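The lines below spell out each chain.
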Amino acid sequence: QVQLVETGGGLVQAGSSLRLSCAASGRAFSPYYMAWFRQAPGKEREFVAVVSRDLATNYADSVKGRFTIARDNANNTVYLQMNSLRPEDTAVYYCAARSSRFGGTRYGENYDYWGQGTQVTVSS
């Protein structure tokens, strides 16, 4: 019954910005971690950023300094502000969540719930 829905993807030029949103709903649910992953065609799913319920954050080296993850606990919503976008950022971006504190936060297999993804395309 838990559902995550991503919005905000699109087609932009290199150097532009986008903000992705992900809202969790369906039942009483307060995930400890909410995260963003991405997957480009022919590539493995890749960790992007994570935020805990107490608002601690962590980022992949490839996006550090350009992307910012934020969370609205009252509405179970997580955001990804993406600045200075590059063609290599092109991918389907997925929102993920989990209730447990156990396990590494950079691995998709440690998350329980996933959105269906939103496409981000950055042209050169």
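As a reminder, the structure under discussion sits directly above these lines.
(A) Region of interest: the sheet that holds strand S7 (residues 67–72). With antiparallel pairing, four strands are arranged side by side in an open sheet as S1-S3-S8-S7. Among the strands making up the open sheet, the edge pair consists of strand S1 (3–7) and S7. For this sheet, the mean angle separating the axes of adjacent strands, direction not counted, is 15°. As judged from the five bridges shared by S1 and strand S3 (residues 18–25), these two strands associate in the antiparallel manner. Paired with Val5 across the bridge in S3 is Ala23.

(B) Highlighting the pairing of strand S4 (residues 33–39). Burial runs high along S4: six of the seven residues are buried. In this structure, S4 lies alongside strand S5 (residues 46–52), joined through six bridges in antiparallel fashion. Within the sheet, the bridge partner assigned to Arg38 lies in S5 and is Glu46. Hairpin connection of S4 to S5: six residues between the antiparallel strands, including Gly42 at a positive phi of 75°.

(C) Geometry of the nonpolar core. With 36 residues, the main nonpolar core has Trp36, Leu80, Met82 and Tyr93 as its most contacted residues. Elements supplying a minimum of two residues to this core: S3, S4, S5, S7, strand S8 (77–82), strand S9 (91–98) and strand S11 (118–123). Excluding residues within four positions of it along the chain, Tyr93 makes contact with Glu6, Leu20, Trp36, Phe37, Arg38, Val48, Phe67, Leu80, Met82, Gly117, Thr118 and Val120.

(D) Quick look at the pattern of salt bridges. Throughout the structure, instances matching the rule amount to three salt bridges. With its nearest N and O atoms 2.9 Å apart, the salt bridge here joins Glu46 to Arg38. Between Arg38 and Asp89 there is a salt bridge whose closest N-O contact spans 3.0 Å. Of this pair, Arg38 sits in strand S4 while Asp89 is found in the loop between S8 and S9, placing the two residues 51 residues apart along the sequence. One exposure class covers both Arg38 and Asp89, and it is buried. Through salt bridges that share partners, Arg38, Glu46, Arg66 and Asp89 make up one connected network.

(E) Representation of the environment of Ala97 within the structure. Mapping Ala97 onto the fold places it in strand S9. Overall, the relative accessible area of 0% leaves Ala97 in the buried class. When residues no more than four places from it in sequence are discounted, the contact partners of Ala97 are Leu4, Phe29, Pro31, Tyr33, Met34, Tyr111, Asp112 and Tyr113.

(F) Representation of the environment of Ala70 within the structure. Relative to the helices and strands, Ala70 resides in strand S7. Ala70 sits 54 residues away from Ser16 along the chain, and the two C-alpha atoms are 19 Å apart. Residues contacting Ala70, with those up to four places away along its chain left out, are Thr77, Val78 and Tyr79.

Criteria and cut-off values
Residues numbered from 1 in each chain as written. Predicted model: local features only at pLDDT ≥ 70, side-chain atom pairs only at ≥ 80, totals over all residues. Heavy atoms only, no water. Pairing = 2+ DSSP bridges. Helix = DSSP H or I, 4+ residues; strand = E, 2+ residues; numbered from the N terminus. Axes fitted to C-alpha atoms, helices over the stretch in contact; angles between N-to-C directions. Buried < 20%, exposed > 50% of the residue type's maximum accessible area, 1.4 Å probe, protein only. Core = buried A, V, L, I, M, F, W, Y, C linked by side-chain atoms within 4.5 Å. Contact = heavy atoms within 4.5 Å. Salt bridge = Lys/Arg side-chain N within 4 Å of Asp/Glu carboxyl O.

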